[in-house]
Every structure is written in C-alpha cells, then in structure tokens.
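# A closer look at the structure
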Amino acid sequence: MNRVIAAFDVDAQKTFTPLCPDELPVPGGDEIVDELNTNAALARFRIGSRDAHPDNARWIADDPADVFSPVEGDNIDVRWPRHAMMGTRGFELLDGLPHPITGYDFMVSKGLDVDCHPYGACYHDLGDTRSTGVIEFLESKEVTTVIVGGLALDYCVATTVMQLKAAGFEVILNLAASRGIAEASVEKALADMREAGVLFASDSREVKGLLA
C-alpha cells in the first residue's frame, strides 16, 4: 500500500491533565508528549486540534453537581466543568509539542462559540455537517493513513477517529499517545472504534510495525 501518512494530535492541552486539576484532568494526560512526537516523526504531515472556549459558554457547570446535566441547544448536549478557556494556562498545548500555529501543518480550534461544544475535530457541529476543513486538507495532500493520539480517548479522540474513518481514511490509534477519563467509557469507545475498523497500536513501536 502506497501510504501518505499524517499524525493527528487531538486536544493535547494542559486543561485535560493534572496540570490543571480544577478543569478536566485526565490521569496521565501529561505523559503523552513523547509518543505524539514519535507519531509525527513517522508522518509527512502533522495535524492538531484544540478546544478553544469562551468564558461565557452556555455549557459551563460552575457547580460540580451540574456536570453532565442536559443543556438545550443544537450543538451542545451536557454541561462540563470550565476548561480550555482561551488565554488561560489550560488552553495551552502540552510542553514539548510544537507551536500551535507555526509548528503544525493544520490546526483546528473548536468550540469557539458560546452555544457550540463539539467533541470531534473534523466538524464544528454535533451533526457532522459543518467541516473544520481538516478532512479537506488531508484529502488535498492525498493522505491515506492517519495516526491519532491525544485527549481524552473516550470523548474527543474517539469522536475524531470515527469521523476520520467515516471519511475513508485508514486510522491507527496509538494507545500510548492517548489517555481516557473513565474505564467504562474508554472500553465502550474502544469497542466502537474496533467495530469501525480502526487499527490499534499499544505504542509507537507497534505503529511502526503496522506501517511496515
């Protein structure tokens, strides 16, 4: 197979790590940088995404009791703790990753509007109709295979992976380059991705094997 490879760093931000304990800390979320960089070394193109939220977003749950409670809107579903507010430390990419603009071939900023909270990086809306442009970029570069890692595995990573598969790409998920929020939702996400034909690698060494 004549592969053209891209590496996709999904929401590898401090907000999803123990570095920001009051936001959405994913256990071990700050331990994925080396694996993400190794993914990129295997690829011709490096893609990234980041949550970029306004301070007055309608889905914010300032009371912990409101987390996961429903919120009305076409492109928001449930309330989440305040996270990835633009200009804050949590908004930043993890140390050791490239500059978000000059260091990536394509960077998606998502969730910029008060009434939008998408999970996947390929569409701005929950119905997968308003493209962020990343699929079109990959197609324009004749990319065939996308190596994915990032945060969190059971939400934004899984959704992005499924969007890429639906668009026709071969997708390899590097599990060592990803971390999830909860065991049950991680297992559900892995099962869904496996059923969709996603390839799994335990680490970058296995990614290399799949590409050989």
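Residues numbered from 1 in each chain as written. Predicted model: local features only at pLDDT ≥ 70, side-chain atom pairs only at ≥ 80, totals over all residues. Heavy atoms only, no water.

## Section: unusual backbone geometry
Cis geometry is adopted by the peptide bond preceding alanine 152, which originates at leucine 151 and carries an omega value of -15 degrees. By the element assignment, alanine 152 lies in the loop between strand E4 (145–151) and helix H3 (153–166). Although it is not a glycine, phenylalanine 68 sits at a positive phi angle of roughly 75 degrees. As for its placement among the helices and strands, phenylalanine 68 is situated in the loop between strand E2 (45–51) and strand E3 (106–110). (Helix = DSSP H or I, 4+ residues; strand = E, 2+ residues; numbered from the N terminus.)

## Points about the sheet that holds strand E1 (residues 5–10)
Strand order across the open sheet formed by six strands is E3-E2-E1-E4-E5-E6, with parallel pairing between neighbours. The sheet terminates laterally at E3 and strand E6 (199–201), the two strands that pair on one side only. Sheet twist, expressed as the average angle between the axes of neighbouring strands with direction ignored, equals 20 degrees. In terms of strand pairing, E1 meets E4 through six bridges, oriented parallel. (Pairing = 2+ DSSP bridges. Axes fitted to C-alpha atoms, helices over the stretch in contact; angles between N-to-C directions.)

## Some remarks on the nonpolar core
Counting residues in each nonpolar core, the largest one holds 55 residues, and the members touching the most others are Phe8, Leu138, Val148, Leu164 and Met193. Of the residues forming this core, the biggest block, six residues, is contributed by H3. Setting aside residues up to four positions removed in sequence, leucine 164 forms contacts with Phe8, Cys122, Leu138, Val146, Val148, Phe169 and Val171. In terms of nonpolar packing, the next biggest core, distinct from the first, is built from nine residues, Ala7, Ala40, Ile147 and Ala201 among them. (Core = buried A, V, L, I, M, F, W, Y, C linked by side-chain atoms within 4.5 Å. Buried < 20%, exposed > 50% of the residue type's maximum accessible area, 1.4 Å probe, protein only. Contact = heavy atoms within 4.5 Å.)

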